[in-house]
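# Chain and residue survey
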Amino acid sequence: MENRKLKNSELERKSVEEFKEAKKTPIIVILDNIRSLNNIGSVFRTADAFLIEKIYLCGITARPPHKDIQKTALGATETVDWEYTENTLDVVKRLQKEKVKVFSVEQAEGAVMLNDFQPEKGETCAVVFGNEVKGVQQEVVTASDGIIEIPQLGSKHSLNIAVSTGVILWDLFVKISSHTSRNSYFSH
Ligand SMILES: C[S@@+](CC[C@H](N)C(=O)[O-])C[C@H]1O[C@@H](n2cnc3c(N)ncnc32)[C@H](O)[C@@H]1O
């Protein structure tokens with residue numbers, strides 16, 4: 001293919017100010033005790049791409065500014081709203097009181113496969129991602145309104161947490177965008 005690759009200046013990305021002003025996708029990300037700073041930064045970068053409302057950093061999850069978060073976030077910590085809370089369960093309960101539906105992203109009994117999951121129109125969803133070794137804490141899974149699993153067909157037990165975030169956020173973004181006028185999200 002001879003198609004010329006676009007320059008960064010041709011991608012028409014938002015400035016930090018334009019991002020702050022933009023209508024957000026009604027999705028909240030909760031990071032439950034994420035160990036790797038590079039994973040945290042990657043989640044910020046993906047959250048920026050899909051205009052995610054907010055990221056809650058919980059427990060041992062490190063907070064910006066940090067050079068190892070910056071390495072993968074590439075500035076997305078300046079655009080996406082975030083808040084640190086020590087206890088993940090407190091965030092889950094607080095959001096549920098605000099009528100946000102909280103879904104643990106996990107491999108668990110009774111989980112709904114992502115391809116079968118449909119976010120409700122008009123509802124804000126929070127998605128909880130778990131620690132690289134221990135996953136989402138059981139008490140958080142138990143308190144959730146549902147569990148979403150990403151189907152895997154190969155030999156590995158699970159995906160990297162930042163990769164899982166990419167898969168989930170893109171899927172929910174597309175499904176939520178179909179509830180509304182597509183142009184409001186997809187136009188520059
Ligand atoms: C590396 S996995 C943790 C695996 C760990 N052995 C466990 O017990 O959950 C880190 C996080 O990525 C997400 N994840 C990875 N693969 C997933 C899948 N197939 N379905 C749903 N979530 C997944 C979950 O949020 C999980 O807590």
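Residues numbered from 1 in each chain as written. Predicted model: local features only at pLDDT ≥ 70, side-chain atom pairs only at ≥ 80, totals over all residues. Heavy atoms only, no water.

This part takes up the packing of aromatic side chains. All told, the structure shown has 4 aromatic pairs when counted by the stated rule. On the basis of an interplanar angle of 45 degrees and a centroid distance of 5.7 Å, the ring pair of Phe50 and Trp170 is categorised as tilted. Taken together, the residues Phe50 in the loop between helix H2 (37–49) and strand E2 (52–58) and Trp170 in helix H6 (residues 161–177) connect sequence positions 120 residues apart. Assessed through its relative accessible area of 44%, Trp170 is described here as partly exposed. Considering the side-chain rings of Trp170 and Phe173, the 6.0 Å spacing of their centres and the 35 degrees angle between planes classify their relative orientation as tilted. Residue Trp170 and its partner Phe173 are both found in helix H6; the two are separated by 3 residues, about one turn of the helix. Seen from the ring of Tyr84, Arg63 lies directly overhead, with NZ or CZ sitting 3.7 Å from the centre. (Phe/Tyr/Trp six-rings, centres within 6.5 Å; stacked < 30°, edge-to-face > 60°. Helix = DSSP H or I, 4+ residues; strand = E, 2+ residues; numbered from the N terminus. Buried < 20%, exposed > 50% of the residue type's maximum accessible area, 1.4 Å probe, protein only. Lys NZ or Arg CZ within 6 Å of the ring centre and 35° of its normal.)

It is worth spelling out the UniProt feature "domain: tRNA/rRNA methyltransferase SpoU type" (unreviewed entry) in the protein at this point. If you check UniProt for "domain: tRNA/rRNA methyltransferase SpoU type" (unreviewed entry), the listed places come out as residues 27–170 in our numbering. With 32% helix and 23% strand, residues 27–170 has its two end C-alpha atoms placed 11 Å apart. (UniProt positions renumbered as here; feature names shortened; annotations may be inferred.)

Time to look at the pattern of salt bridges. Counted according to the given criterion, the structure contains 8 salt bridges. Measuring nitrogen to oxygen at the nearest pair gives 2.7 Å for the salt bridge that ties Asp171 to Lys175. Remark: Lys175 and Asp171 occur in helix H6; sequence separation between them is 4 residues, near one turn of the helix. Each member of the pair, Asp171 as well as Lys175, is classed as buried. Members of the salt-bridge network, linked through shared partners, are Lys54, Glu83 and Arg94. (Salt bridge = Lys/Arg side-chain N within 4 Å of Asp/Glu carboxyl O.)

A few words on the site of the ligand. As a structural note, the neighbourhood of the ligand is formed by 19 residues, with Val105, Glu106, Ile150, Gln152 and Leu159 the closest of them. Interatomic distance of 3.1 Å between a backbone N/O atom of Gly130 and an oxygen atom of the ligand. Take Gln152: an N or O atom from its side chain is 2.7 Å from a nitrogen atom of the ligand. Coverage of the ligand by the protein chains reaches 84% of its 560 Å² of free accessible surface. For the shell around the ligand, the secondary-structure elements that each account for two or more residues are strand E7 (146–149) and H6. Considering only residue class, the shell around the ligand consists of 8 nonpolar, 7 polar and 4 charged. (Near = heavy atom within 4 Å. Polar contact = N/O pair within 3.5 Å; in protein donor to acceptor, adjacent residues only side chain to side chain. Areas by Shrake-Rupley, 256 points an atom, 1.4 Å probe, with all protein chains shown as cover. Nonpolar A, V, L, I, M, F, W, Y, C, P; charged D, E, K, R; others polar.)

Looking now at the pairing of E7. Alternating residues of E7 divide into Gly146 and Ile148 and Ile147 and Glu149, and every residue in both groups is buried. Direction of pairing for strand E4 (residues 101–105) relative to E7: parallel, over a ladder of 3 bridges. Within E7, the position partnered with Phe103 by the bridge is Gly146. Examined bridge by bridge, strand E5 (residues 112–113) and E7 share 2 bridges and lie parallel to one another. Residue Met113 lies in a different strand from E7, and its bridge partner there is Glu149. (Pairing = 2+ DSSP bridges.)

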